[in-house]
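Structure at a glance
Letter by letter, the chains look like this.
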Amino acid sequence: MDFTFSEEQLAAAEAAWGVFAAVVPDAVPSPALTAGAVAEGFDRELWSRLAGADLLGLLLDDGHGGAGLDAIALCLVLRESAGVLARVPLLEHSAVAATVQAYGTKELGERLLAPAGRGELVLTVAAHGRTGHDPAELAVAARRDGDAWVLDGVQTAVPWAYDADFVLVPAHVEDAAADRGVLALVPREADGVVLAEQISTTGERLAEMRLRSARVAAGDVIEADGAREWLHALLATGTCALALGLGERVLRMTGEYTSEREQFGHPIATFQAVAVQAADRYIDLRAMEATLWQAAWRIASGAPGPLPAAGDVAVAKIWAAEGVRRVVQTAQHLHGGFGADTEYPLHRYHAWAKHLELSLGPAAAYEEALGDLLATHPLS
């Protein structure tokens, strides 16, 4: 395992920093002051800048106009995006495109990937399922009907569903003797697709996606073994990168505030109780970082280990979920009442942290998954 980033990966991170440097977290109304969604859609101007910087096709091959990079590069870019609460479906879009490239048919890739890399098509994924604990594919049943698949079920908390052109929906094959799942690329406006608005803690608009005998062409359904697991691993690891970037920004904000805020004639950062709490959160962030790169490296390299890559992903998500929660809670405490001021951005980071903590399932779900893996693959 080597955590040294390549020149290409660092170049992607530098390009991302250049794009996100102009983004401010206060560009939309505060979720604390808004009854509904803070905006109708995502930041299209930022999306165009990401496309112009070739950051929407990071994981795509040269043949599709992409950069041919890996999960590590994507996580470096996501880390930068979270520091400014960038309101774009970068993780979901990239993960769906990469899954289509790796596991979809050649015809599907030729039709979809080049426009996706240019940002002309927007992709998202319904990966939460019904509870966040159970596998997402169990929420939707799929059956073959001639030259098409028919989908029935409900997926909740689908991000950016109202803005996407296609939603990748995990489903289980209801008539299969063995446990088998598929990934169906569903047009947002297809017959049988109904979206019901849900609002995240971030104030962004999510969707409950109801599928009522929705038909999907056979060529738009991925049946390859391992596709669902690979997609989930990439999404979960990307969520860890978002949590890390957010947590690092919050700790910097806290350091700046406590260095300037004085009590009894001294900056409160010099008080032992404040310094110890900040140091504990720094340790959380370093653990989040180490486990993130371990998981991203396993996905990118395909290197073997004592556990499948899903084990490293589970460890990373446990640290990310619990670590980012502790970071924002400590930040609120050390900021005092100022941390709850809606004219100061810290409360926005707290709301986003709660969303990331629960995205794709809470820490408890990954602790259960890790326990199952350890039982199946005992360490010698």
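In the block above lies the structure referred to throughout.
What comes next is a walk through the structure. (Residues numbered from 1 in each chain as written. Predicted model: local features only at pLDDT ≥ 70, side-chain atom pairs only at ≥ 80, totals over all residues. Heavy atoms only, no water.)

**Quick word on helix 6 (residues 227-260)**
Put simply, the rule reads: The secondary structure listing takes helices from DSSP runs of H or I that are at least 4 residues long and strands from runs of E that are at least 2 residues long, numbered from the N terminus. Multiplying 1.5 Å by the helix residue count minus one yields the expected span of that helix. Partly exposed describes any residue whose relative accessible area lies between the buried limit of under 20% and the exposed limit of over 50%, with all areas from a 1.4 Å probe on protein chains only and scaled to the type maximum.
Taking 1.5 Å per residue as the helical rise, helix 6 with its 34 residues ought to reach 50 Å, and the 50 Å between its terminal C-alpha atoms agrees with that figure. With respect to burial, helix 6 is a largely interior element, 25 of its 34 residues being buried.

**Side note on the nonpolar core**
Basically, it comes down to this: Put simply, a nonpolar core is a bunch of buried Ala, Val, Leu, Ile, Met, Phe, Trp, Tyr and Cys residues held in one set by side-chain atoms that sit within 4.5 Å of each other. For this analysis, residues touch if any pair of their heavy atoms sits within 4.5 Å.
Judged by nonpolar contacts, the single largest core of 95 residues is most densely connected at Phe20, Leu50 and Leu246. Considering each element in turn, this core owes the most residues, 15 residues, to helix 6. Residues contacting Leu50, with those up to four places away along its chain left out, are Val19, Phe20, Leu55, Leu56 and Val88. Within the second largest apolar cluster, 23 residues are counted, among which are Leu151, Val182, Leu211 and Val216.

**Quick notes on the packing of helix 4 (residues 90-103) against helix 6**
Selection rule: Inter-axis angles, ranging from 0 to 180 degrees, are taken between N-to-C directions of lines fitted to C-alpha atoms, where helices are fitted over the stretch in contact. Under this scheme an angle from 65 to 115 degrees is roughly perpendicular, one under 35 degrees roughly parallel, and one over 145 degrees roughly antiparallel; angles in between are oblique. Throughout, a crossing is termed right-handed when the near helix is turned clockwise from the far one, and left-handed when it is turned anticlockwise from it by less than a right angle. Here the term charged refers only to Asp, Glu, Lys and Arg, the term nonpolar to Ala, Val, Leu, Ile, Met, Phe, Trp, Tyr, Cys and Pro, and the term polar to all other amino acids, Gly among them.
In contact at an axis separation of 10 Å, helix 4 and helix 6 are set at 155° when each is read in the N-to-C sense. Relative to helix 6, the element helix 4 lies roughly antiparallel. When you trace helix 4 past helix 6, the crossing you get is right-handed. Listed contacts from helix 6 to Leu91, Glu92, Ala95, Ala98, Thr99 and Tyr103 of helix 4 are Ala227, Trp230, Leu231, Leu234, Leu235, Gly238, Thr239 and Leu242. Of the residues in the contact of helix 4 with helix 6, the class split is 10 nonpolar, three polar and one charged.

**Comments concerning the pattern of salt bridges**
Just so we agree on the cut-off: Throughout this description, the term salt bridge denotes a Lys or Arg side-chain nitrogen within 4 Å of a carboxyl oxygen of Asp or Glu.
This model, assessed by the stated rule, comprises 22 salt bridges. With a shortest N-O distance of 3.4 Å, Glu45 and Arg49 are connected by a salt bridge. Placement of the pair is Glu45 and Arg49 together in helix 2 (residues 44-52), with a separation of four residues, close to one helical turn. A relative accessible area of 58% means that Glu45 is categorised as exposed. The partner of Asp284 in a salt bridge is Arg281, with the nearest N and O atoms 2.9 Å apart. One end of the pair, Asp284, and the other, Arg281, are both in helix 7 (residues 272-301), three residues apart, so they sit about a helical turn from each other. Look at Asp284 and you get buried, because its relative accessible area is 5%. Here Arg281 falls in the buried class, since its relative accessible area comes to 14%. What emerges from the salt-bridge pattern is a single network uniting Arg79, Glu248, Arg286 and Glu289.

These figures come from the coordinates and say nothing about function on their own.
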